[in-house]
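# Structural overview for review
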Amino acid sequence: MALSGLFLVFFLAQHFVINITSVIAPDTFNEWSHFMGYNGLVQFILQPVLIAGVIVHFAMGIALELKNNKARAIKYKQYNGNANSSWMSRNMIITGLVVLAFLGLHMYDFWVHEMAYKYIEVNPESPTRYYEETVLKFEPFWRTIIYVISFVLLSLHLWHGFASSFQTVGVNNKYSAGIQTFTKIYSIAIPLGFIFIALYHHFNPITH
Ligand code: HEM
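Below, the structure is looked at part by part. Every value quoted in this text rests on a predicted model; they were computed, and no experiment measured them. (Residues numbered from 1 in each chain as written. Predicted model: local features only at pLDDT ≥ 70, side-chain atom pairs only at ≥ 80, totals over all residues. Heavy atoms only, no water.)

Attention now moves to the site of the ligand. Every one of the 19 residues lining the ligand counts as a neighbour, but His15, Gln47, His106, Met107 and Glu114 are closest to it. One of the side-chain N or O atoms of histidine 15 is found 2.8 Å from a nitrogen atom in the ligand. In this structure, a nitrogen atom belonging to the ligand sits 3.3 Å away from a side-chain N or O atom of asparagine 19. For the shell around the ligand, the secondary-structure elements that each account for two or more residues are helix H1 (2-24), helix H3 (40-71), helix H5 (92-120), helix H7 (141-168) and helix H8 (176-203). Of all the elements, H5 adds the most residues to the shell around the ligand, at 7 residues. Its residues assigned to classes, the shell around the ligand comprises 13 nonpolar, 5 polar and 1 charged. (Near = heavy atom within 4 Å. Polar contact = N/O pair within 3.5 Å; in protein donor to acceptor, adjacent residues only side chain to side chain. Helix = DSSP H or I, 4+ residues; strand = E, 2+ residues; numbered from the N terminus. Nonpolar A, V, L, I, M, F, W, Y, C, P; charged D, E, K, R; others polar.)

A few words now on the coordination of the iron atom of the ligand. Protein coordination at the iron atom of the ligand: the donors are His15 (NE2) and His106 (NE2), at 1.9 to 2.0 Å from the metal. Here the iron atom of the ligand binds 6 donor atoms, and the angle range of 86 to 179° at the metal identifies the geometry as octahedral. Here histidine 15, found in helix H1, pairs with histidine 106, found in helix H5; they are 91 residues apart in sequence, far enough to count as distant. Classification of histidine 106 as buried rests on a relative accessible area of 14%. (Donors = N, O, S within 2.8 Å, 3.2 Å for Na, K, Ca; no water. Tetrahedral: all angles 85-135°; square planar, octahedral: opposite > 155°, others 65-115°. Buried < 20%, exposed > 50% of the residue type's maximum accessible area, 1.4 Å probe, protein only.)

Next up on the list: unusual backbone geometry. Backbone geometry at valine 122 places phi at a positive 50°, although glycine is not the residue there. For valine 122, the location among the structural elements is in the loop between H5 and helix H6 (130-137).

Here we take up a nonpolar patch on the surface. Among the surface-exposed residues, Phe7, Leu41, Phe44, Ile45, Leu46, Val49, Tyr119 and Ile120 lie close enough to one another that they form a single nonpolar patch of about 820 Å² accessible area. Only H3 and H5 provide two or more residues apiece to the nonpolar patch. Counting residues per element, the nonpolar patch draws most heavily on H3, which supplies 5 residues. Positionally, isoleucine 120 belongs in helix H5. (Patch = residues over 30% accessible without salt bridge, like charges linked within 9 Å, V, L, I, M, F, W, Y side chains within 5 Å. Areas by Shrake-Rupley, 256 points an atom, 1.4 Å probe, with all protein chains shown as cover. Salt bridge = Lys/Arg side-chain N within 4 Å of Asp/Glu carboxyl O.)

Following this line, the structure appears as structure tokens:
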């Protein structure tokens, strides 16, 4: 669970770096997106590994939740979870399922379209189309707001998950306090950055 989560955290950081260029340097965004979309290593090795990582993380999360529930089949009569755990840590399955639902929409929005464009319709390469396609997606208010809400839930998921993954893999040394601080900053900064990208494109549509 922890290792697949750390892998996804790493993916998210690189995804953010590429996406933020859609705000600050659209030509770079086109260039990098085209590279990611047509590079053999990215398409046929890294992409399947990423999909496997998402599936492993999701399947283990469900399994862990079921195991936890089974471990205490008869519920406590009184339970004050707040006393020694955070809301985030107790609701990882809820925030995780919201992120998964978001991924369903997100894959439909971008990835399915991309696969169809390249491998089904077999269109010619068009290295400058990505920026416009991405900005267009954020035109409808409903999609922008679903994305923003999902990123808030993603932040809550990361807030507990990223920090606790180091505990799970047994990192406990003089760097632990610094690592914890880093994970908390990441959990807020990256989703906030994604929110900024979505809102920026919504409020700065392409006008021809
Ligand atoms: C404003 C925010 C975001 C934008 C504009 C965005 C945009 C994109 C684009 C353009 C693609 C490329 C599809 C392709 O060419 O194959 C993509 C793929 C993807 N995105 Fe996002 N994304 C955002 C946020 C996120 C977040 C928060 C996550 C994870 C929680 C995420 C997960 C993924 C995944 C798993 C893929 C598939 C990668 C692949 O295998 O091609 N994205 N996204």
